[in-house]
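Architecture at a glance
Chain by chain, the residues run as shown.
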Amino acid sequence: ARLRKHSTVYARASTHRGNSQVMFHPDGNLQAPLVAASIEHIFAPENNKFIFAVRRQKSRAAGAFDPFTRWPEFPAKLWSTKQEDELELIEVNWVRCQYAKYEISEETAVVLMLPKVCFIYQLRERY
């Protein structure tokens, strides 16, 4: 139900919704834009390479206005509140970070990538 990797706890959505929300690079391609998804299953195959079965968050309509594009240093973006129907298998090392989600309407949610926020907070505490 849970996996601790690089001091981050990942969980199935049925175990802990917040720890199940991840941003990942599809197919492990670091050039591909990050995708928001929720972990539904965690597998540990024989080779000890952990795999997540995730359900992607649907993107908003092409060309839809996103006010967060004005602030590229602020790691937030608008996404649909709906999820894809099919599950997708991803490797744990494709995951970049976890995210927080706040639904602002029935159709739209704000997705905030968490590590960058934590990093800024840590810098503020040091100096």
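Residues numbered from 1 in each chain as written. Predicted model: local features only at pLDDT ≥ 70, side-chain atom pairs only at ≥ 80, totals over all residues. Heavy atoms only, no water.

1. Points about the overall build of the protein
Looking only at helices and strands, the protein has two helices and nine strands in total. In the protein, the succession of helices and strands from N to C terminus is β-β-α-β-β-β-β-β-β-β-α. Expected size for 127 residues packed as a compact globule is a radius of gyration near 14 Å; at 15 Å, the protein falls within 12% of this value. Counting only C-alpha atoms and orienting by the principal axes, one finds that the protein spans roughly 45 × 45 × 30 Å. By the burial criterion, 35% of the 127 residues in the protein qualify as buried. Counted over contacts in the protein with a minimum sequence separation of 6, partners at least 24 positions apart contribute 55%. Looking at the protein as shown, the accessible area adds up to about 8500 Å², and 52% of this sits on carbon and sulfur atoms. One finds the centroid of the 18 positive side-chain charges in the protein at a distance of 7 Å from the centroid of its 14 negative side-chain charges. (Helix = DSSP H or I, 4+ residues; strand = E, 2+ residues; numbered from the N terminus. Rg over C-alpha atoms; globule rule 2.2 N^0.38 Å. Buried < 20%, exposed > 50% of the residue type's maximum accessible area, 1.4 Å probe, protein only. Contact = heavy atoms within 4.5 Å. Areas by Shrake-Rupley, 256 points an atom, 1.4 Å probe, with all protein chains shown as cover. Lys, Arg positive; Asp, Glu negative; His and termini not counted. Charge placed at Lys NZ, Arg CZ, Asp CG, Glu CD.)

2. A few points about the pairing of strand β8 (residues 95–103)
Judged from the three bridges that link them, strand β3 (residues 21–24) and β8 form a sheet pairing that is antiparallel. Opposite F24, over in β8, you have V95 as the bridge partner. (Pairing = 2+ DSSP bridges.)

3. Details of the sheet that holds β8
Across the sheet, seven strands lie side by side as β6-β9-β8-β3-β4-β5-β7; this open sheet has antiparallel pairing. The two strands at the open ends of the sheet, each matched to only one other strand, are β6 (76–80) and β7 (88–91). Direction aside, the axes of adjacent strands within the sheet are offset by 45° on average. The sheet contact formed by strand β4 (residues 35–43) and strand β5 (residues 51–56) spans six bridges and is antiparallel. Bridging from a neighbouring strand, F43 pairs with I51 of β5. (Axes fitted to C-alpha atoms, helices over the stretch in contact; angles between N-to-C directions.)

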